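# Coordinate analysis (summary)
Next come the chains, spelled out residue by residue.
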Amino acid sequence: MKSIFKTSLKFASVALVLLLGIAASAQTQGGKIELTQLDQLAAKASQSVDVNLDERLMRLTLPFLSSKDPDNAKIREVVTGLKGIYVRSFEFEQEGQYSAADIEGIRAQLRNPAWNRIVNVNSKKEGSIEVYLMTVGARIEGLAVLATDPKEVTVVNIIGPVDLEKLSQLEGQFGIPELGIESKTKTKN
């Protein structure tokens, strides 16, 4: 009986250590997904975009965004507090120059329990858009967008406290494509 108890206790201890390791891994990830696995697509692409703005680089660029220019002031407000903006985008001449296997590594990272898919739009003709959030309590700590169509792959990863209301102001900036995020402050025509 004592050996069963000792074995169960050892098993429980190992399970606890593994669970703590998984939880720590999710927390240390901090919303950043590994995008370098997509770099192999650059050789096949007719056009590629590679944006890597970590917190240090964003702090260095903030002084160049004039607070007197209303557009720059909005961008400055959105970017302040973010820990990183990472974009990989590849455009191909022909369909079939990338496969689902090429982006499976990204999807595998986003299946981590720390990430929640909030948008999934699929069209056989136009491709798909998936939007994921990493939350800590009620705070959004990361955002990932995976947009694909037969001739294009785009992955956007924004790290840090993300305000979805303000995020729409980053569309078209820092290599972030127009994602169709609507802001309450935008006027409808």
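Residues numbered from 1 in each chain as written. Predicted model: local features only at pLDDT ≥ 70, side-chain atom pairs only at ≥ 80, totals over all residues. Heavy atoms only, no water.

### Structural notes on the sheet that holds strand β2 (residues 84-91)
Our working definition: Only strands that DSSP links by at least two bridges are regarded as paired with each other. The secondary structure listing takes helices from DSSP runs of H or I that are at least 4 residues long and strands from runs of E that are at least 2 residues long, numbered from the N terminus. For helices, the fitted axis covers only the stretch in contact; all axes are lines through C-alpha atoms, and the angles between them, taken along N-to-C directions, range from 0 to 180 degrees.
Across the sheet, which stays open at both edges, the six strands sit in the order β1-β2-β6-β5-β4-β3 with antiparallel pairing between neighbours. Across the chains shown, the open sheet's two edge strands, defined by having one partner strand only, are β1 (47-54) and β3 (115-123). Going across the sheet, the axis of each strand differs from the next one's by a mean of 5°, ignoring polarity. Bridge count for β1 against β2 is eight bridges, and the pairing is antiparallel. Opposite L53, over in β2, you have I85 as the bridge partner.

### Considering helix α3 (residues 70-79)
The cut-off we apply is this: A 1.4 Å probe rolled over the protein chains alone gives each residue an accessible area, and that area as a share of the maximum for its type sets the label: buried under 20%, exposed over 50%, partly exposed in between. To be clear, the arc concerns the directions from the helix axis to the C-beta atoms.
All buried positions along α3 are accounted for by N72, I75, V78 and V79. The buried residues of α3 all sit within an arc of 125° when viewed along its axis, so they share a single face. Taken from the residues just after α3, G81 is the one with a positive phi, measuring 100°.

### Comments concerning the confidence of the model for the protein
Let me state the cut-off plainly: Predictor confidence is given residue by residue as pLDDT, running from a minimum of 0 to a maximum of 100. Residue contacts follow a heavy-atom distance rule, with two residues in contact if any of their heavy atoms lie within 4.5 Å.
Averaged over all residues, the pLDDT of the protein equals 77, while 72% of them reach at least 70. Taken as a whole, residues 1-28 scores under 50 in pLDDT and shows four contacts with residues more than four places along the chain or in a different chain.

### A few points about the pairing of strand β6 (residues 152-159)
Successive residues of a regular strand alternate their side chains across the two faces of the sheet. Here β6 lies mainly inside the structure; seven of its eight residues are buried. The sheet contact formed by β2 and β6 spans eight bridges and is antiparallel. Paired with G84 across the two strands is I159, which belongs to β6.

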